[in-house]
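# Commentary on secondary and tertiary structure
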Amino acid sequence: MRYACLRVGRRYAFLELVMDYLYFPGCTLYTKAKNFDQTARNCSLLLGFELKELKNWTCCGATFPLATDNIMALLPPSRILATAREEGTVLTTLCAVCFNVIKRTNRLIQGDGEKRDKINNFIEKNYQGDLQILHYLEILKQDIGFPQLREKVKKPLEGLLAAPYYGCMLLRPFKEMGFDDKEKPTLFEEFLEALGAKAIEFPYKIECCGSFQSVGSPDVATECAYKILGSAIQNGAEAMVSTCPMCTFNIDHKQSDIKQKHLDFKPIPVFYFTQLLGIAMGLDYRTLGFEQNAVDPLPLLSEKGFL
Amino acid sequence: MKIELTRQKVHNEFTKKVELISGQNLFACYQCGNCTAGCPVAFAMEVGPHEVIRYTLLGLEEEALRVNTFWLCASCLQCTSRCPKGIDIARVMDALRMVVLRKKERKDAIQIPEFPEGFLEKLPQIAFISGFRKFLS
């Protein structure tokens, strides 16, 4: 039997670990989204599984190449998949973009023999596409189960009106991702309700945040973020919940730009879903990395009595 | 704007190049405008994605490549998932980008030295990796 030691509240707890998941963090989770990575690892210990980091991982490329002849851009995710297959059969990710790139590449390797051979020749591996790619939320739903998660919640987030923001990469293309319904997904809502929060329904929940346009046309990305946040606020949200460091940058860190352009805009905190999970599981709020959030969530959390 | 159509232009080399890179059949498009209606960045586009597809199909290379539409595409695949004809429009937009970026002038769509100071430091890695892949030749 394996155990982990973790500080929960004021005490240290010994936690029994039942399972391991091979885990690919991705570039941003090591730097600008450390809070996302760290909270997910701690929460997983509380839920009885460990995220075992993939050895020698590299960046996944951050975009799935849409030009059909661009095989070069498929090599980094293929190399990740091939090394992961040497260590296990399931690979899990947290970042929605990594999840999208890796899962789509995996599907492509499964289905396209010609490209598979080309890729394998180049990376000098023999990977056949037989890895299962899971998002952290899928593990929570399928392997832990939301009813069981609800039982493990120590501090229900009662009274918190949170807007679950899916973004695009988790869901689309629907056929390849198979994450949830393409127009009306509900997995994220179920997750928030298991934590005791109230999930706000808003029309922009699957709309794109502008993604990499924050490099090419920052104003356009700011406008996209304003529409998403505005719609959530109008529907009564007090906070946004995100699964992606890119979305979080656009909807959290760009709120100061939005404020300059739209004077009536009132900033709201944006959480990673694992941060909310951490609060609900009773982790000390000082270990949840709120200092990396652009809009300080502590006033809201203390107002709700979660600290 | 006056557009001249000739038999030589319709479905010419340019169109075929876009079809080849994207792997899509542009003749399938019947101009319903679902892509433009659902596009989250359509408000900033000079013409909608469906119009760019039409230009491309008619072989109007200059008209298709001069607009900002495909540069603004964020590859969120909303259009792709809603196209009633099953065209992967995001792939068409990416193919148009590639047509420009692969020209021998190698003209980039963003100039990194012109970024304001501290801009790159603020961005998460994920944004500039994907941005550079989409905008640099």
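Procedures and definitions
Residues numbered from 1 in each chain as written. Chains lettered and ligands numbered in written order. Predicted model: local features only at pLDDT ≥ 70, side-chain atom pairs only at ≥ 80, totals over all residues. Helix = DSSP H or I, 4+ residues; strand = E, 2+ residues; numbered from the N terminus. Rg over C-alpha atoms; globule rule 2.2 N^0.38 Å. Buried ≥ 20, exposed ≤ 12 C-beta atoms within 10 Å, placed from the backbone. Contact = placed C-beta atoms within 7 Å. Nonpolar A, V, L, I, M, F, W, Y, C, P; charged D, E, K, R; others polar. pLDDT = per-residue confidence, 0-100. Pairing = 2+ DSSP bridges. Axes fitted to C-alpha atoms, helices over the stretch in contact; angles between N-to-C directions. Domains from an automatic or database assignment. Arc of directions from axis to C-beta. Expected span 1.5 Å × (residues − 1). Parallel < 35°, antiparallel > 145°, perpendicular 65-115°, else oblique. Left-handed = near helix turned anticlockwise from the far one by under 90°. Right-handed = clockwise from strand over helix to strand, strands pointing away.

### What to know about the overall build of chain B
Of regular secondary structure, chain B possesses nine helices and zero strands. The C-alpha atoms of chain B give a radius of gyration of 16 Å, which matches the 14 Å a tight globule of 137 residues would have. For chain B, the spread of C-alpha atoms along the three principal axes comes to 50 × 35 × 30 Å. The burial tally for chain B puts 45% of its 137 residues in the buried class. Within chain B, counting contacts between residues at least 6 apart in sequence, those at least 24 apart form 67% of the total.

### What to know about the interface of chain A and chain B
As a measure of interface size, the accessible area lost when the parts come together is often cited. Tallying the contact residues gives 35 residues for chain A and 34 residues for chain B. Those elements giving two or more residues to the side of chain A that touches chain B turn out to be α9 (213-216), α10 (218-234) and α11 (245-253) of chain A. A per-element tally of the side of chain A that touches chain B places α9(A) first, with four residues. Considered class by class, the residues forming the side of chain A that touches chain B number 19 nonpolar, 11 polar and five charged.

### Focus on the confidence of the model for chain B
The share of residues in chain B with pLDDT of 70 or more is 100%, and the mean pLDDT across the chain is 95. Two numbers describe this predicted complex: its pTM, 0.95, and its ipTM, 0.94.

### Comments concerning the sheet that holds strand β4 (residues 49-53) of chain A
All names here are of chain A. In space, the four strands of this open sheet follow the order β4-β3-β5-β6, with parallel pairing throughout. The open sheet has two free edges, formed respectively by β4 and β6 (132-135), since each of these has just one partner strand. Within this sheet the neighbouring strands show an average axis-to-axis angle of 40°, counted without direction. Bridging between strand β3 (residues 19-24) and strand β5 (residues 90-93) involves three bridges; their strand directions are parallel. Note that in β5 the partner of Tyr 23 across the bridge is Thr 92. Of the strands in this sheet, β3, β5 and β6 are in contact with helix α3 (residues 96-111), which crosses β6 at around 160°.

### Points about the domain arrangement of chain B
What the domain assignment reports for chain B is domain 1 (13-103) and domain 2 (108-137). The distance between the C-alpha centroids of domain 1 of chain B and domain 2 of chain B comes to 23 Å.

### Re helix α8 (residues 187-194) of chain A
All names here are of chain A. When α8 is considered as a whole, its buried residues turn out to be Leu 187, Phe 188, Phe 191, Leu 192 and Ala 194. On an axial view of α8, the arc spanned by its buried residues comes to 160°, and they lie on one face. Packing partners of the buried residues in α8 comprise α5 (136-144), α6 (146-152), β7 (161-164), β8 (198-199), β9 (239-242) and α13 (273-280). Looking one or two residues past α8, Gly 196 carries a phi angle of roughly 95°, positive in sign.

### Focus on the domain arrangement of chain A
Residues and elements named next belong to chain A. Considered domain by domain, chain A is made up of domain 1 (2-136) and domain 2 (155-304). Summarising the inter-unit geometry, the C-alpha centres of domain 1 and domain 2 are found 23 Å apart. Contact residues are listed per partner, giving 25 residues for domain 1 and 24 residues for domain 2. If you list the elements that add at least two residues to the side of domain 1 that touches domain 2, you get β1 (2-8), α1 (34-46) and α3. Ranked by residues supplied to the side of domain 1 that touches domain 2, first place goes to α1 with nine residues. By residue class, the composition of the side of domain 1 that touches domain 2 is 11 nonpolar, eight polar and six charged.

### Some details on helix α7 (residues 89-101) of chain B
All names here are of chain B. Under the 1.5 Å per step criterion, the end-to-end length of α7 is 18 Å for 13 residues, consistent within 8% with the ideal 18 Å. Counting buried residues along α7, 11 of its 13 residues qualify, which places the element largely inside the surrounding structure. Of all the positions in α7, only Ile 89, Ala 90, Arg 91, Val 92, Met 93, Asp 94, Ala 95, Leu 96, Arg 97, Met 98 and Val 99 are classed as buried.

### Overview of the packing of α5(A) against α8(A)
All names here are of chain A. Where α5 meets α8, the axes come as close as 11 Å, and the angle between the chain directions of the two elements is 65°. With respect to each other, α5 and α8 are oriented roughly perpendicular. Crossing angle aside, the handedness with which α5 passes α8 is left-handed. Contacts from Leu 137, Leu 140 and Lys 141 of α5 reach α8 at Leu 187, Phe 188 and Phe 191. When the residues that make up the contact of α5 with α8 are grouped by side-chain class, the tally is five nonpolar, no polar and one charged.

### Re the pairing of β3(A)
Both faces of the sheet carry side chains from a regular strand, because those side chains alternate between them. Residue and element names in this part refer to chain A. Alignment of β3 against β4, held across five bridges, turns out to be parallel. Paired with Met 19 across the strands is Phe 49, a residue of β4. Handedness of the β-α-β unit built from β3, α1 and β4 comes out right-handed.

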